[in-house]
Amino acid sequence: MVKQYGFLIDIKRCYGCKTCSMACKSENDTPPGVLWRRVREYNTDNPNTGGFIAMSCNHCDDPQCMKVCPANTYTKRADGIVVQDHDKCIGCRMCIMACPYNAPVFDPAEGKTSKCNMCAERLDDGLLPRCVESCPAGVLLFGDIEELRKIHTTDWTALEARYHLPDHNISGPNVVIIPADK
């Protein structure tokens, strides 16, 4: 039994094609402008270096979205996936303000937020999340977070400074990030 699912992101492999983002959008039929997995370009102190990082919901140990939602739209499944009952969303955007990773996305046309559910329906059918399955460079891996952490130990302090990520202690993200070469 999986205790907590998570993602591994190998930044050094990502070349910014955004296939993961578009596969997610297609799989989940999100409205225009609503991307649950976003590929962000970053720059380092060296003007000749930079790259891309593909981020989505990190299905945190302590999901801030779930803590602040007044409509109780968020729940955490036994496998650690944080899901949203979209019908309950009242569009207050508290989850957006609370999430350190900006995972929930507001759709102004509908007046509600939504976010990555790790393709829970696909997982329940024995399939991989679409973003992982579609990545041509093998940037994304998926599985039990403890197994992914055996592949690579994330140095959060260095990552947070280098990629301008929030303090991991806020929510306990279930993601492993392999940084690009320096």
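Rules and cut-offs
Residues numbered from 1 in each chain as written. Predicted model: local features only at pLDDT ≥ 70, side-chain atom pairs only at ≥ 80, totals over all residues. Heavy atoms only, no water. Core = buried A, V, L, I, M, F, W, Y, C linked by side-chain atoms within 4.5 Å. Buried < 20%, exposed > 50% of the residue type's maximum accessible area, 1.4 Å probe, protein only. Contact = heavy atoms within 4.5 Å. Pairing = 2+ DSSP bridges. Helix = DSSP H or I, 4+ residues; strand = E, 2+ residues; numbered from the N terminus. Axes fitted to C-alpha atoms, helices over the stretch in contact; angles between N-to-C directions. Salt bridge = Lys/Arg side-chain N within 4 Å of Asp/Glu carboxyl O.

Colleague: Looking at this model, I keep getting lost on the nonpolar core. Mind explaining?
Modeller: Among the nonpolar cores identified, the biggest contains 39 residues, and Ile11, Met118 and Ile177 are the most heavily contacted of them. Look past the residues within four positions of Ile11 in its chain and what remains in contact with it is Tyr42, Phe52, Ile53, Tyr163, Ile177, Ile178, Pro179 and Ala180. Counting 6 residues, the second largest nonpolar core, distinct from the first, contains Cys65, Cys69, Val82 and Cys95.

Colleague: Can you walk me through the sheet that holds strand β1 (residues 5-10) in this structure?
Modeller: Working definition: the strands of a sheet are paired by backbone hydrogen bonds and lie parallel or antiparallel to each other. Taking strand neighbours across the sheet as the criterion, the 3 strands line up as β8-β1-β9 in an open arrangement whose pairing is mixed. Edge positions in the sheet fall to β8 (140-144) and β9 (175-178), since each of these pairs with one other strand and no more. Strand-to-strand twist across the sheet, computed as the mean angle between neighbouring axes with direction ignored, equals 20°. Direction of pairing for β1 relative to β8: antiparallel, over a ladder of 5 bridges. When the bridges of β8 are listed, Gly6 appears paired with Gly143.

Colleague: Would you mind going over the pattern of salt bridges with me for this structure?
Modeller: Pairing is possible between side chains that carry opposite charge, provided their charged atoms lie close to one another. With the rule as written, the count across this model stands at 10 salt bridges. In this structure, Arg149 engages Glu146 in a salt bridge whose closest nitrogen and oxygen atoms are separated by 3.0 Å. Of this pair, Arg149 and Glu146 both sit in helix α6 (residues 145-151), 3 residues apart, which is roughly one turn of that helix. For Glu146, a relative accessible area of 44% translates into the label partly exposed.

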